[in-house]
Amino acid sequence: MPNFHTRSLKPLHYPCTYHDTTFHWQARSQKGNVLVLATCRGETFMLRVLPKEASGFLVKGDKVTRPTQASFLQKALIDFRDASDAHVSHSNIEPKKFLDVRCSAYLKEIDFFADAFDTQKEIWVEIGFGSGRHLLHQAKKNPHVQFIGLEIHKPSIEQVLKQCELQSIDNIFVIDYDARQFMEFLSSNSVGRIFVHFPVPWDKKPHRRVFSAAFIEEALRVLHVNATLELRTDSDAYFSFVFEQMMHLSRADVHVKKNAALEITSKYEDRWRKMDKDIYDVILRNEQASPDKERIGRLAFDFHVDFAKVREAFEEILRRGEGFFVHFEELFTIDEHSGLIRLSFGANERNEKCYIFIDHATMRYLPERVLDTKSNRAAHTLIEEWFHGIRH
Ligand SMILES: C[S@@+](CC[C@H](N)C(=O)[O-])C[C@H]1O[C@@H](n2cnc3c(N)ncnc32)[C@H](O)[C@@H]1O
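Residues numbered from 1 in each chain as written. Predicted model: local features only at pLDDT ≥ 70, side-chain atom pairs only at ≥ 80, totals over all residues. Heavy atoms only, no water.

### Focus: the pattern of salt bridges
Step number 1: The full count for this structure, using the stated rule, is 24 salt bridges.
Step number 2: Notably, a salt bridge pairs Arg 369 with Asp 111, separated by 3.7 Å at the nearest N-O pair. With a gap of 258 residues between them, Arg 369 in the loop between strand 19 (362-366) and helix 10 (374-386) and Asp 111 in helix 2 (residues 110-116) connect regions that are remote in the sequence.
Step number 3: According to the relative accessible area criterion, Arg 369 is partly exposed, its value standing at 44%.
Step number 4: Classification of Asp 111 by relative accessible area gives buried; the value is 14%.
Step number 5: Two residues, Arg 298 and Asp 115, come together in a salt bridge whose shortest N-O distance is 2.9 Å. Pair noted here: Arg 298 is in the loop between strand 14 (280-286) and helix 9 (307-313) and Asp 115 is in helix 2, with a separation of 183 residues, a long-range link.
Step number 6: Residue class for Arg 298 comes out partly exposed when judged on its relative accessible area of 31%.
Step number 7: The exposure class assigned to Asp 115 is partly exposed, which follows from its relative accessible area of 46%.
Step number 8: Each member of the salt-bridge network shares a partner with another, and the members are Asp 62, Glu 329, Arg 342 and Lys 353. (Salt bridge = Lys/Arg side-chain N within 4 Å of Asp/Glu carboxyl O. Helix = DSSP H or I, 4+ residues; strand = E, 2+ residues; numbered from the N terminus. Buried < 20%, exposed > 50% of the residue type's maximum accessible area, 1.4 Å probe, protein only.)

Here it is in structure tokens:
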């Protein structure tokens, strides 16, 4: 991430514009951390200024409100550095470094699946595609199918995006998202196959496994009748765990195969085969249609609150519910009527970060696209409870 260290910063008078960037306001927390709202090249996001004991300040982009291009952030940092006469001691924002960041048409943000995803094609999903050998092979072989590839390992994502471009494959959407939370975004009865090949077994932390009773239930909801959820694993423990979860389902039929050959093998599979390990396939076939489910919307507040009261009541707290949490991390003050609360919240496995922006009694999330998923809604209810005593 682009950033610079400086021994000093001249205070700016907000709002002000310097070259390509308008700086709207700054907000300061009790810890001395500062947020600066900036608009550069049509996008609005924040910079963070963090005091460093030995060396002045570290100035960098705010990860929560980041722009679509790292080069916009880089330009805003350069403008902030020059507008505030920074005496830079270390920097990685020289022009060449971030300018050629590539946006891939194959890579989708989660909002795409909440708002725009609509296809007449059959949908197949691969979870944890790793090197992508199987995903790319299936996509080439089945051009009538729209593939969704889920992965949380960034180098694997980069590698597959590059291959999609090199091989001109146009029926894959890649998303960097935890598979356990993703199924919620798919319509009921819309998917033909879900592949989960060699998931991490997590023998010591089973709650981190992709498979759970809740995951299987959501998978069955999105599968159409006769569609399949397909696990391939070399782990005896994972196989037994999944088989046990599936045995009691009345709406689906389970098949198990041992050491069946696939047309394409992954690096993992090649390794296990060399070691003569057994490989299991567990195939769950859905037998029932599911009720429709509404598209996921956005969460918002429908009450007002005075910032002065928020400032008085604020303390750093962590609240937990079943499978989700809310952490009120830091309060930032812009002036007596406005400020922000930095929050992390959502499902235990997926830590979302955002701000609540309070401006003359109105309240909104920043960024405004906090999705109305099950765990976010549960966290939102806890957040609303926190405001209960002080809201209008
Ligand atoms: C052992 S690798 C297998 C990769 C590939 N399927 C193969 O057969 O070679 C497991 C992959 O799942 C990904 N993964 C783990 N947990 C995940 C999750 N909750 N959601 C999406 N991907 C996940 C990991 O990043 C990793 O690339």
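### Section: helix 10
Step number 1: Between the first and last C-alpha of helix 10 there are 19 Å, a value that for 13 residues agrees with the 18 Å anticipated at 1.5 Å per step.
Step number 2: Residues Ser 375, Asn 376, Ala 379, His 380, Leu 382, Ile 383 and Trp 386 constitute the buried set of helix 10. Buried residues of helix 10, seen end-on, are gathered within an arc of 160° and therefore sit on one face of the element. (Expected span 1.5 Å × (residues − 1). Arc of directions from axis to C-beta.)

### A word on the site of the ligand
Step number 1: Lining the immediate surroundings of the ligand are 16 residues, of which Gly 128, Glu 151, Asp 178, His 197 and Phe 198 lie closest.
Step number 2: At a separation of 2.6 Å, an oxygen atom of the ligand approaches a polar side-chain atom of Glu 151.
Step number 3: Within the backbone of His 197, one N or O atom sits 2.8 Å away from a nitrogen atom of the ligand.
Step number 4: Protein burial of the ligand: of its 600 Å² of free accessible surface, 89% is covered by the chains.
Step number 5: Using a 2 Å cut-off from the grid points, one finds that the ligand occupies the second largest pocket.
Step number 6: Here the shell around the ligand is built from residues that sort into eight nonpolar, five polar and three charged. (Near = heavy atom within 4 Å. Polar contact = N/O pair within 3.5 Å; in protein donor to acceptor, adjacent residues only side chain to side chain. Areas by Shrake-Rupley, 256 points an atom, 1.4 Å probe, with all protein chains shown as cover. 1 Å grid on protein atoms, 1.4 Å probe; cavity = no way out; pocket = protein on both sides within 12 Å on 5 of 7 lines; lining within 4 Å. Sits in = over half its atoms within 2 Å of the grid points. Nonpolar A, V, L, I, M, F, W, Y, C, P; charged D, E, K, R; others polar.)

### Thoughts on the pairing of strand 1 (residues 3-6)
Step number 1: Strand direction decides the pairing type here: strand 1 and strand 6 (residues 56-61), joined by four bridges, are antiparallel. Residue pairing in the sheet places Thr 6 in a bridge with Phe 57 of strand 6.
Step number 2: Sheet topology places strand 1 next to strand 7 (residues 88-91); three bridges connect them, and they run antiparallel. Within strand 7, the position partnered with Phe 4 by the bridge is Ser 91. (Pairing = 2+ DSSP bridges.)

### Some thoughts on the sheet that holds strand 8 (residues 122-127)
Step number 1: With respect to topology, seven strands assemble into an open sheet ordered 10-9-8-11-12-14-13, the strand pairing being mixed. Edge positions in the open sheet fall to strand 10 (172-176) and strand 13 (252-258), since each of these has one partner strand only. The average undirected angle you get between the axes of adjacent strands in this sheet is 15°.
Step number 2: Bridging between strand 8 and strand 11 (residues 191-197) involves five bridges; their strand directions are parallel. Following the sheet pairing, Glu 126 is matched in strand 11 by Phe 195. (Axes fitted to C-alpha atoms, helices over the stretch in contact; angles between N-to-C directions.)

### Describing the domain arrangement of the chain
Bring the parts together and some accessible area is lost; that lost area is often taken as the interface size.
Step number 1: What the domain assignment reports for the chain is domain 1 (3-91), domain 2 (110-286) and domain 3 (307-386).
Step number 2: One C-alpha centre belongs to domain 2, the other to domain 3, and the line joining them spans 33 Å.
Step number 3: Taken together, the contact pairs ten residues of domain 2 with nine residues of domain 3.
Step number 4: Summed over both sides, the interface of domain 2 with domain 3 buries roughly 820 Å², with 53% coming from carbon and sulfur.
Step number 5: By the criterion of area lost to domain 3, the three top residues of domain 2 are Asp 111, Gln 181 and Glu 184, representing 50% of everything that side buries.
Step number 6: One can count one salt bridge joining domain 2 with domain 3.
Step number 7: When residues of the side of domain 2 that touches domain 3 are traced back to their parent elements, those giving at least two are helix 2 and helix 5 (179-182).
Step number 8: The dominant element in the side of domain 2 that touches domain 3, judged by the number of residues it contributes, is helix 2, at three residues.
Step number 9: Here the side of domain 2 that touches domain 3 is built from residues that sort into four nonpolar, one polar and five charged. (Domains from an automatic or database assignment. Contact = heavy atoms within 4.5 Å. Buried area = accessible area lost by both parts, 1.4 Å probe.)

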